[in-house]
Structure formats: structure tokens, C-alpha cells
Amino acid sequence: MDPYTAEFGFELRTCRWAELAWPPGTDSTSDETAIIVARQLGTKRRRWDTIVLECDPETLRRRANFGPKRLDSDLLHVLRNAPAEWAYYRDALPHPGYPWRYVREAIHTAADRGILETRRSGNRIEIRRKWTYPDWLERVVAIENKPDLDASAARTLGSQLEYDVAMELADEVWVATRQTGERVEPALFEDLPIEAGILSLEPDPLTAEVAWHPRSLAVDEPGTRILERPDGGKRDGSAARFEFVNPDWKADKRLAIAERAYERGWRSFVDTMRPDCRHFQLRARDAHQALPYCAAKGRCQTAAECSGSCGDFEPEPPAWRTRGWPIEGGPGKRSQRILEARRRRRRPGL
Ligand code: SF4
């Protein structure tokens, strides 16, 4: 069975293509932009399939000083404002807008992670930065994956993309759809916002062409959040509801998404699957990509299927784990380690 008819297999190929070839149409061997690819991140209301972060290579390398784990908003507040010389934390940091006890907790977490210096002066905590938190994120690109973009998929996708275009949280939004080989890609005839780019991607061999170029969105300007829209057909005269979104909120949200992407990458899919199931396999698609494969289902399973509630789940037999077990684990653990090593190789400086 073709592993790419399901969105999940296609999505993983899009991630791999982005890692190799982003930005489209340029010489990706140039060193001017570093790329981080992640998947299934966004806001409470809207989650993007694939996220590409375009970064400055030098500042991205300096981000590695802070370790592979994400920095949440409390930690960022401390680390971005930490002084170069020792100072009482309440004098050094701007008021966070929430109780200081949460700041103290973040200071202890940062000290435990070795990314902030702290000392006691009487009963006061003083802090000093180890490194300046770098401005490593340049652009955020969101890609929706629809291998089979028929009219009904396009309708749903159209309203999601309108939401993204109005909000202007990502610098660019794209749809990746499977190459059809037709002279004009059918996706161009669908009713999608003209600001969204269209990428036609062939998963095997991994190639892509730009069918429609996107417009850059004004991420530094106030955005518009669409709360509700009339959906009662052509005769529905009810009003849509909107609210404005402050650019500062957008900047914080972009960095929060970027930090999560930095931690997770796109190979973390295995974290939510069951590599400890005897039917779980990783099958190589090229020298650097392995896709999950379920021997019981005879195809690439989705992350949602491959969970504790899967009817075909069977634990790995203990005999598979005898060598080095329980420290090294069986084949499932080995799959996790391979993916983790590949993820780290993609973070310069780690
Ligand atoms: S049988 Fe179920 S749990 Fe096991 S690998 Fe397949 S989908 Fe995952």
C-alpha cells in the first residue's frame, strides 16, 4: 500500500524535504540560513502540521548554550533580562505581571539546568547571566499537508488558512499537496487564500515544486483573530466575530512555538507512539529518514492509531531485550535512540 495516501506518512516526508531543501528554489547548500523543522505545533486554536524555522546560524549556535530543552515563558523572562553583574533578582528583572514566587521558581529551575548563576546574599537571591539569550529566530513558516486535496478537503483547509492569514502569526503559510503530473496543479483551482503558497511534492523520490508563491505576512503588525464566521451557506447573513491581536502577544507566541520546535524537532513522533510494541518497525526511506511501519497493519500507521488503545498492540517479547536489558532495552528503545541522535545532529552546537 502507498504509505503517502495517509496524511501522516506524507507529513513526515514533507518534514524531511524541508530539512533538505528549504527554502524552495534556492541553493540549500548555502550557509546563510539554518533550518529547524518540527510538526504539530501552534496555538490553542490552531495547530500547524509542519513548521519550518528559519534561523541565523550563528545565533542558533549560541542558543545551544541553553541546552536542548525548551525554555518556557517564565524561564525566558528571567534569562532574557538577567544582568551581566550580580544583582538582587527583583532589582534586575522587570515586574513579570504575575507573583514573584513564580519568578523564584524559574530562577531555581534555570540554576538547576546550569543556565543561570545564582548566589545568596543574606536572605536575598542574586542572579547573574552566563550567556546572553540570542535572537535566533528569523522567520516562522507554517505548512499544511494535504496529499489529496479534493474540493471538500480544500473547503476545510481554506477556512484554516484564512484564519492564519488574518492572524499573521507565521511569516508564510503553505499547503503541501501531492504532485499530480498535470500541467496545472488542481490545487490552484481550489478556493484557497491567495496569500498561501502551494507546494507540489512527490514523496518518492523526494522532490517539490512551487505551484504558487506565498505572500509574506505582517508579523510585526496587529493581527486579527477570527472567532466565529457565518457557516449557514449563501443565505446566512449573520456577522463574523473578530478580535485584534497585539503584536507583543504574537512575538511571545512565536518564540514559545520556536522553543518547543527546538526541543521536539519532527522526529519526536516516536515519543507518542508505541515503539515497545512487537509490530513496530522503522523502515528506511532514504539514508536519513526512517518512517514508522506497523507489521500487523502492513502499512505506515498514524501516530493516533499507534497508542495504548490499539487493538493489535503486543508488547515486545522479553527475549528481544536480553542483551543489555533493561539498561539498553529492546528494538523499540533502539528506534528511539536512533531518532534522538538524528534530532540532536540538527541542532548546531549541541
Ligand atoms: S500494532 Fe498498534 S501499537 Fe503495535 S505498532 Fe501497530 S499500530 Fe502501533
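Attention in this report is confined to the structure presented alongside it. Values in this document were obtained by computation on a predicted structure and should not be read as measured data. (Residues numbered from 1 in each chain as written. Predicted model: local features only at pLDDT ≥ 70, side-chain atom pairs only at ≥ 80, totals over all residues.)

## Details of the overall build of the protein chain
Stage number 1. The helix and strand tally for the protein chain stands at eight helices and 13 strands.
Stage number 2. In the protein chain, which comprises 350 residues, the proportion classed as buried is 32%.
Stage number 3. Pairs at least 24 residues apart make up 63% of the contacts formed inside the protein chain by residues separated by at least 6 positions. (Helix = DSSP H or I, 4+ residues; strand = E, 2+ residues; numbered from the N terminus. Buried ≥ 20, exposed ≤ 12 C-beta atoms within 10 Å, placed from the backbone. Contact = placed C-beta atoms within 7 Å.)

## A short note on the sheet that holds strand β6 (residues 137-145)
Paired through backbone hydrogen bonds, the strands of a sheet run either parallel or antiparallel to each other.
Stage number 1. Reading across from one edge, β1-β2-β6-β7-β8-β9 is the order of the six strands in this open sheet, with mixed pairing throughout. Either end of the sheet is taken by a strand with one partner, and the two such strands are β1 (34-42) and β9 (207-212). On average, each strand axis in the sheet is inclined to that of its neighbour by 30 degrees, with strand direction left out of account.
Stage number 2. Here β1 runs beside strand β2 (residues 47-55); their pairing, made up of eight bridges, is antiparallel. Counterpart to I35 in the pairing with β2 is E54.
Stage number 3. Along the sheet face, helix α6 (residues 151-167) touches β6 and β7 (172-178) and points at about 160 degrees away from the line of β7.
Stage number 4. Across the face of the sheet, helix α7 (residues 247-264) comes into contact with β1, β2 and β6 while running at roughly 105 degrees to β1. (Pairing = 2+ DSSP bridges. Axes fitted to C-alpha atoms, helices over the stretch in contact; angles between N-to-C directions.)

## Focus on the pairing of β2
Stage number 1. Where burial is concerned, most of β2 is hidden: seven out of the nine residues are buried.
Stage number 2. Where β1 hands over to β2, the hairpin turn is made up of four residues, counted between the paired strands.
Stage number 3. The pairing of β2 with β6 spans six bridges and is antiparallel. Residue pairing for β6: I51 is matched across the bridge by A142.

## Topic: the site of the ligand
Stage number 1. Surrounding the ligand, one finds 13 residues, the nearest of these being C277, C294, C306, C310 and D312.
Stage number 2. A class-by-class count of the residues in the shell around the ligand yields seven nonpolar, two polar and four charged. (Near = placed C-beta within 6 Å. Nonpolar A, V, L, I, M, F, W, Y, C, P; charged D, E, K, R; others polar.)

## A look at the sheet that holds strand β4 (residues 116-121)
Stage number 1. Spatially, the three strands line up as an open sheet ordered β3-β5-β4, and their pairing is antiparallel. Strand pairing shows two members of the sheet lacking a second neighbour, β3 (87-88) and β4, which therefore form its edges.
Stage number 2. Judged from the six bridges that link them, β4 and strand β5 (residues 124-129) form a sheet pairing that is antiparallel. Directly across from R119, in β5, lies its bridge partner E126.
Stage number 3. Relative to β4, helix α5 (residues 100-112) is tilted by about 120 degrees, and along the sheet it contacts β4 and β5.

## Things to note about α7
Stage number 1. Its 18 residues place the ends of α7 26 Å apart at the C-alpha level, agreeing with the 26 Å of an ideal helix rising 1.5 Å per residue.
Stage number 2. Buried residues of α7: I257, A258, E259, A261, Y262 and R264, and no others.
Stage number 3. Looking one or two places after α7, you find G265, whose phi comes out positive at around 60 degrees. (Expected span 1.5 Å × (residues − 1).)

## Some thoughts on unusual backbone geometry
Stage number 1. Cis geometry is adopted by the peptide bond preceding P23, which originates at W22 and carries an omega value of -5 degrees.
Stage number 2. Cis geometry is adopted by the peptide bond preceding P205, which originates at D204 and carries an omega value of 0 degrees.
Stage number 3. One can find P205 in the loop between β8 (197-202) and β9.
Stage number 4. Of note in the backbone geometry, Q40 takes a positive phi value of approximately 55 degrees without being a glycine.
Stage number 5. Along the polypeptide, Q40 turns up in strand β1.
Stage number 6. Under the C-beta neighbour-count criterion, Q40 is labelled partly exposed, with 17 such atoms within 10 Å.
Stage number 7. Even without being glycine, E168 reaches a positive phi, approximately 55 degrees.
Stage number 8. You can see E168 is positioned in the loop between α6 and β7.
Stage number 9. When the 21 C-beta atoms within 10 Å are taken as the criterion, E168 is described as buried.

## So, the pairing of strand β11 (residues 241-245)
Stage number 1. Counting buried residues along β11, only zero of its five residues qualify, which leaves the element largely exposed.
Stage number 2. Judged from the five bridges that link them, strand β10 (residues 223-228) and β11 form a sheet pairing that is antiparallel. Looking at β11, one finds that T224 is bridged to F244.

## Let's talk about the nonpolar core
Stage number 1. In terms of nonpolar packing, the biggest core is built from 46 residues, with I51, L53, V140, A142, W174, V175 and A261 touching the most fellow members.
Stage number 2. Only α1 (7-21), β1, β2, β6, α6, β7, β8 and α7 provide two or more residues apiece to this core.
Stage number 3. Leave out the neighbours within four places in its chain, and A142 touches W48, I51, D164, A170 and V173.
Stage number 4. With 16 residues, the next largest nonpolar core counts L71, L75, Y89 and V103 among its residues. (Core = buried A, V, L, I, M, F, W, Y, C linked by C-beta atoms within 7 Å.)

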